[in-house]
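Spelled out, the chains give:
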Amino acid sequence: MIDPTTGESMRNTLSQQTASSRRWRIAGLLGLGVLVNYFDRVNLSVSHAALTQSFGVSDFTFGLLLGAYNWTYALCQLPIGVVLDRLGVRLVGRISTLIWSIASFAAGASPNLASLFGARFLLGVGEAPTFPANAKAIGAWFPEHERSFATSLFDSAAKLGSAIGVPAIGILLLHIGWRLSFAATGVISLLYFVLFSAVYREPREDPKITEAELRLISPHAPEAAHSGRPPFTLVELLSRRRVLGFAIGFGSYNYVFYLLLTWLPSYLSESLHIDLMHSFLFTGVPWIVATCTDLLIGGILVDVLVRRGWNSNRVRMTVLVAGTTFGLGIVGAGWAHSPSHAIAWITISIAGLSAAAPVGWSIPSLIAPPGSVGRVGGILNFSNQLSGIAAPVITGLLVYKLHSFTAAFAVAGAYLVIGICAYLFMLRNVYPMPLDV
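Owing to the predicted nature of the structure, the values given are computational and were not obtained by experimental measurement.

Draft legend 1. A look at the overall build of the protein. When you go through the protein residue by residue, the secondary structure sums to 18 helices and zero strands. Going through the 437 residues of the protein one by one, you find that 58% of them count as buried. Pairs at least 24 residues apart make up 86% of the contacts formed inside the protein by residues separated by at least 6 positions. When the accessible surface of the protein is split by element, carbon and sulfur atoms take 69% of a total near 16600 Å².

Below you can see the structure in the form of structure tokens.
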């Protein structure tokens, strides 16, 4: 039961939110960026057959090509957290968006397999700041009780990008070829670069933000507080059990995410013998459901429960652990013998993981010490991208050796069990970390 004073305070806050909404424009901009980002990522996964014809790649080589992007993406994560904390989201975002636009054009123009690998390495460099920067931006622009939904707006765009990107780019590829489909995503990325450069500002630098909205944001912004202590170093943060537990747990989510992002069209066509066009269309179904659970459960439901006075730590940890547990549905897909059963298991898996994802991406701004949100986000995404590297390569190797996806899906399930244990016994809660080391 919430007392009348608290209820009145909540009504005043809701009134402020209705009157001033500059921050939601920023959340929409970040979501659009991730959507474009994922068009660039999935265009390779739908080009499997075309690249086999052009360059004669095997399943194992294609797995290496799928993971190439993640190598440079991962290597940039730890330094990019430091760069973000020093230079800010706006400058880093502009540079990175321009680089990833160039990478898409370079991929379409690749004369051989080596240059295509080079283009994917460059794409990883360009897109590396995206999620740590978005997590930092949400922490700066939103009070705590709105962060889950604000985070879900950009995180769900990753699922929506896969839902509409795979069939859209697949159809485009069938009509104009893989080279022009890469060029098309390059044009879209370049347009987003122009938009981001024109719109994004830090809250106090935005000329159109109201004083009421600034007052709503500022008291809750984790980096607004001045503790007198310099920002934590990467070594100090990596020595914290909670940071490591968080990174391991979220890494297990990203393993399954990248397995499905990169191999789902091939799984449907090779294992279940669905023709290429229908495999593109079937691929969209789990990602559409995932987009909905990301927004409705990981975003809206979490924020509603927190605003109504539920224990915010318990709400977030429950969604994080329960969603990751649903991810174990990936194991069931390994034993499915019909498209409908396979899609059902995959949908259960990615829908559960997607409900947990926005909670995960809101955690850096909740637990990080002042001045260290970018670093915690970088550590988190470094772990994610190690998983992003491993998933397509391990899957490609197992499929190449065993001619089946069953073992590949079982490996993903085992990693999820490790991730769940890391959340329960290492992360434990999402309260701010104490400043003493």
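The rest of the description comes next.
Draft legend 2. Region of interest: the environment of glycine 177. As for its position among the elements, glycine 177 is in the loop between α8 (147-176) and α9 (178-199). In this structure, the C-alpha to C-alpha distance between glycine 177 and serine 47, residues 130 residues apart in sequence, is 9.0 Å.

Draft legend 3. Fine view of empty space enclosed by the protein. Applying the stated criterion across every chain yields a total of four cavities of 30 Å³ or more. Empty space within the largest cavity amounts to approximately 130 Å³. Lining the largest cavity are 13 residues, and of these Gly93, Thr130, Asn134, Tyr192 and Phe196 sit closest to its centre. Looking at the lining of the largest cavity, the elements that each hand over two or more residues are α2 (22-45), α5 (89-108), α7 (130-141) and α9. At five residues, α5 tops the list of elements feeding residues into the lining of the largest cavity. In terms of residue class, the lining of the largest cavity is built from seven nonpolar, six polar and no charged.

Draft legend 4. Looking closely at helix α16 (residues 339-367). Taking 1.5 Å per residue as the helical rise, α16 with its 29 residues ought to reach 42 Å, and the 42 Å between its terminal C-alpha atoms agrees with that figure. With 23 of its 29 residues buried, α16 lies for the most part within the structure.

Draft legend 5. The arrangement of the environment of threonine 347 in detail. With respect to the helices and strands, threonine 347 occurs in helix α16. You can call threonine 347 buried: its relative accessible area is 12%. Spatially, the C-alpha atom of threonine 347 lies 8.7 Å from that of isoleucine 330, the residues being 17 residues apart in sequence. Excluding residues within four positions of it along the chain, threonine 347 makes contact with Pro286 and Val289.

Draft legend 6. Layout of the side chain of serine 383. Positionally, serine 383 belongs in helix α17 (residues 373-402). With relative accessibility at 11%, the residue serine 383 sits in the buried group. Reaching out from serine 383, the side chain makes a polar contact with the backbone oxygen of alanine 247 at a distance of 2.6 Å. Dropping the residues within four chain positions of it, serine 383 is found in contact with Ala247, Ile248 and Gly251.

Draft legend 7. Representation of unusual backbone geometry within the structure. Its identity as a non-glycine residue notwithstanding, histidine 403 has a phi of 55°, on the positive side. Relative to the elements of secondary structure, histidine 403 occurs in the loop between α17 and α18 (406-427). Given a relative accessible area of 69%, histidine 403 falls into the exposed group. Here the phi dihedral of arginine 428 falls at roughly 70°; this positive angle occurs in a residue that is not glycine.

Draft legend 8. Spotlight on the packing of aromatic side chains. Inspection of the entire model under this criterion finds 23 aromatic pairs. Measuring from centroid to centroid gives 5.6 Å for phenylalanine 250 and tryptophan 361, while their planes differ by 80°, and the two rings are edge-to-face. Here the residue phenylalanine 250 occupies a position in helix α12 (residues 241-270), and tryptophan 361 occupies one in helix α16, the gap between them amounting to 111 residues. Through pairs of rings, three or more aromatic residues link up here, namely Tyr38, Phe131, Phe154, Phe246, Phe250, Tyr253, Phe257, Tyr258, Trp287 and Trp361.

Draft legend 9. Summary view of α2. Relative to the 34 Å expected for 24 residues at 1.5 Å per residue, α2 spans 36 Å between its end C-alpha atoms, a close match to the ideal helical length. Of all 24 residues in α2, 20 are buried; the element is thus mostly enclosed.

Draft legend 10. Spatial organisation of the pattern of salt bridges. For the coordinates displayed, the defined rule picks out eight salt bridges. Arginine 23 is the salt-bridge partner of glutamate 146, the closest N and O atoms lying 2.8 Å from each other. Placement of glutamate 146 in the loop between α7 and α8 and of arginine 23 in helix α2 is noted, with a sequence separation of 123 residues between them. The burial state of glutamate 146 is the same as that of arginine 23; both residues are buried. Close ionic contact of aspartate 85 with lysine 136 constitutes a salt bridge, the shortest N to O distance being 2.9 Å. In this pair, aspartate 85 sits in helix α4 (residues 59-87) while lysine 136 sits in helix α7, placing the two residues 51 residues apart along the sequence. Each member of the pair, aspartate 85 together with lysine 136, is buried.

Calculation criteria
- Residues numbered from 1 in each chain as written.
- Predicted model: local features only at pLDDT ≥ 70, side-chain atom pairs only at ≥ 80, totals over all residues.
- Heavy atoms only, no water.
- Helix = DSSP H or I, 4+ residues; strand = E, 2+ residues; numbered from the N terminus.
- Buried < 20%, exposed > 50% of the residue type's maximum accessible area, 1.4 Å probe, protein only.
- Contact = heavy atoms within 4.5 Å.
- Areas by Shrake-Rupley, 256 points an atom, 1.4 Å probe, with all protein chains shown as cover.
- 1 Å grid on protein atoms, 1.4 Å probe; cavity = no way out; pocket = protein on both sides within 12 Å on 5 of 7 lines; lining within 4 Å.
- Points joined across faces, edges and corners; volume = space filled by probe spheres on them.
- Nonpolar A, V, L, I, M, F, W, Y, C, P; charged D, E, K, R; others polar.
- Expected span 1.5 Å × (residues − 1).
- Polar contact = N/O pair within 3.5 Å; in protein donor to acceptor, adjacent residues only side chain to side chain.
- Phe/Tyr/Trp six-rings, centres within 6.5 Å; stacked < 30°, edge-to-face > 60°.
- Salt bridge = Lys/Arg side-chain N within 4 Å of Asp/Glu carboxyl O.

So, to be careful, I would describe these as geometric facts and stop short of saying anything about function.
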